[in-house]
Amino acid sequence: MQQHSRKQSLTNRKALHELSKSYELMEVIGRGVEGSVLRAAEIKTGKNVAIKHIKLDQMHPYIIKKLIREVQIQRELSLGPAAEFIPKMVSVVTDDLLQESLEHREMFIVMEYVDGMTLKQFIDKAQSREIELTSSMCTTIVFNLLRAVAAVHKSNVIHRDIKPANILIKKDLNVKLCDFGLARTCPSGSDFRIEVPHTKDARKDLAKSLYESRHERRQKPRQVSPHVVSRIYRAPEVALLHPTYSFPIDVWAVGCIIAELLQCVSEYHELSAEDEYARYLFKAISCDPLSPSGSVEEMENDLLKVILRILGRQGTADVQFLNRKGVMKIVKKIGEENPKIKFADEFPESCKGLAKVLQGCLMFNPHFRYSAEMLLDQPVFSDLRMLSCP
Ligand SMILES: Nc1ncnc2c1ncn2[C@@H]1O[C@H](COP(=O)(O)OP(=O)(O)O)[C@@H](O)[C@H]1O
Ligand SMILES: [Mg+2]
């Protein structure tokens, strides 16, 4: 009887029926907004795979479009320099996306199973001292993360949701980026380039030309969606609803992760083990106008204010990428009270090399922010660079 109803439910669920011919589902390993991720074993080989299961019933066409983009981007990345830094795509098993009469419509994205944990779980363990995180381990993790981000950028893709829960870390500290649900290719005609000016004069020239083109840039239609990246890891140009943003938003998020890792380094005992919030650099509780603040407390802890209070005073060149004079003035005013931060002064000797990388990631002006590729050339990574060269 039970077997009969199982058979019936499988025939009702065409995609699941198809999937169960090749895979045995084992356990849920992650849950997200649109569905869950399962570990499964390939029946033929016994090899593990990860399967992202998304229920498409009553799903908004926007979400379906996003899913198609996610699959396309992950597939394209699997063919280029980023292949070793993302879970390899195996197949997509899906019901007809447009067939509304089906009782169940669902999609299964089958990919390589990454045996390890998310960087979020890893940092949780480091904070509670279940893992002894040394500064040298931190350097290796950041180096691997930057290699992954640089490879994705080289493929002209912006991830747009870099955060510890979307980074998978293995025992050997190698990482893979997952969740390309918000990723997109860099819009053509974007002002952004992967190369960033090295010298002070070159930066001033760039800032001046951005300032002079501010009216023209203001007329451009918005090319990118405003609501991207989780608040704690969101770059100021996203918070400020800048009409274009690009690769630097991922580098900013890497900077926030570096700060989080450094807070949990065992040589740097200052953090309470219980309060997860304590390790975040930018402890914002709202991000006006994307997630508006209601109370006075929220307004005081709005992302932009929190960022500027920590980064401190911004010079004229730092704000000239903004296309309205009023906004430039406000930004300069908020940071005015505090001196510009030097991250190297904030961390113990063993972390100073990484603190310099952090400084490059958290440049307020996205045009000055170092690219992932440039950051890999920092002296702190020189040994790792030698080891990673074939
Ligand atoms: N290839 C994989 N191997 C192992 N675990 C994975 C894999 N892909 C995702 N996960 C786990 O599933 C969780 C959710 O996956 P993710 O792609 O981020 O989906 P969502 O869009 O729901 O956030 C991740 O945080 C991770 O724990
Ligand atoms: Mg996710």
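Reading guide: rules and limits
- Residues numbered from 1 in each chain as written.
- Chains lettered and ligands numbered in written order.
- Predicted model: local features only at pLDDT ≥ 70, side-chain atom pairs only at ≥ 80, totals over all residues.
- Pairing = 2+ DSSP bridges.
- Helix = DSSP H or I, 4+ residues; strand = E, 2+ residues; numbered from the N terminus.
- Axes fitted to C-alpha atoms, helices over the stretch in contact; angles between N-to-C directions.
- Contact = placed C-beta atoms within 7 Å.
- Buried ≥ 20, exposed ≤ 12 C-beta atoms within 10 Å, placed from the backbone.
- Parallel < 35°, antiparallel > 145°, perpendicular 65-115°, else oblique.
- Left-handed = near helix turned anticlockwise from the far one by under 90°.
- Nonpolar A, V, L, I, M, F, W, Y, C, P; charged D, E, K, R; others polar.

Draft legend 1. Local environment of the sheet that holds strand β2 (residues 35-42). Pairing within the open sheet is antiparallel, and its five strands lie in the order β1-β2-β3-β5-β4. Both edges of this open sheet fall to β1 (23-31) and β4 (89-94), since each of them pairs with a single strand only. Across this sheet, the average inter-strand angle for adjacent strands is 25°, counted without regard to direction. Relative to strand β3 (residues 48-55), β2 runs antiparallel, the two being bridged by seven bridges. The residue bridging Ala-41 from the neighbouring strand is Asn-48, located in β3. Packing against the sheet, helix α2 (residues 14-22) makes contact with β1, β2, β4 and β5 (106-112), and its axis sits at approximately 25° to β5. This element, helix α3 (residues 61-77), spans β3, β4 and β5 of the sheet and lies at about 155° to β4.

Draft legend 2. Looking closely at the sheet that holds strand β8 (residues 167-170). One open sheet accounts for three strands, arranged β6-β8-β9; its pairing is antiparallel. At either end of the open sheet lies a strand with only one pairing partner, and these are β6 (116-118) and β9 (175-177). This sheet shows a mean twist of 25° between the axes of neighbouring strands, independent of strand direction. Note that β8 and β9 share three bridges and pair antiparallel. From the neighbouring strand, Ile-169 faces β9, where its bridge partner is Val-175.

Draft legend 3. Structural context of the environment of Ser-20. Looking at the element boundaries, Ser-20 is found in helix α2. Residue classification places Ser-20 among the partly exposed positions, given that 15 C-beta atoms sit within 10 Å. Considered as a pair, Ser-20 and Ile-43 are 23 residues apart in the sequence and their alpha carbons are 9.0 Å apart.

Draft legend 4. Main features of the packing of helix α5 (residues 135-154) against helix α9 (residues 248-263). The N-to-C vectors of α5 and α9 enclose an angle of 170°; their axes lie 11 Å apart at closest approach. Between α5 and α9, the angle falls in the class roughly antiparallel. At the point where α5 passes α9, the crossing takes the right-handed sense. Judged by residue contacts, Cys-138, Ile-141, Val-142, Leu-145, Leu-146 and Val-149 of α5 engage Asp-250, Val-254, Ile-257, Ile-258, Leu-261 and Leu-262 from α9. In terms of residue class, the contact of α5 with α9 is built from 11 nonpolar, no polar and one charged.

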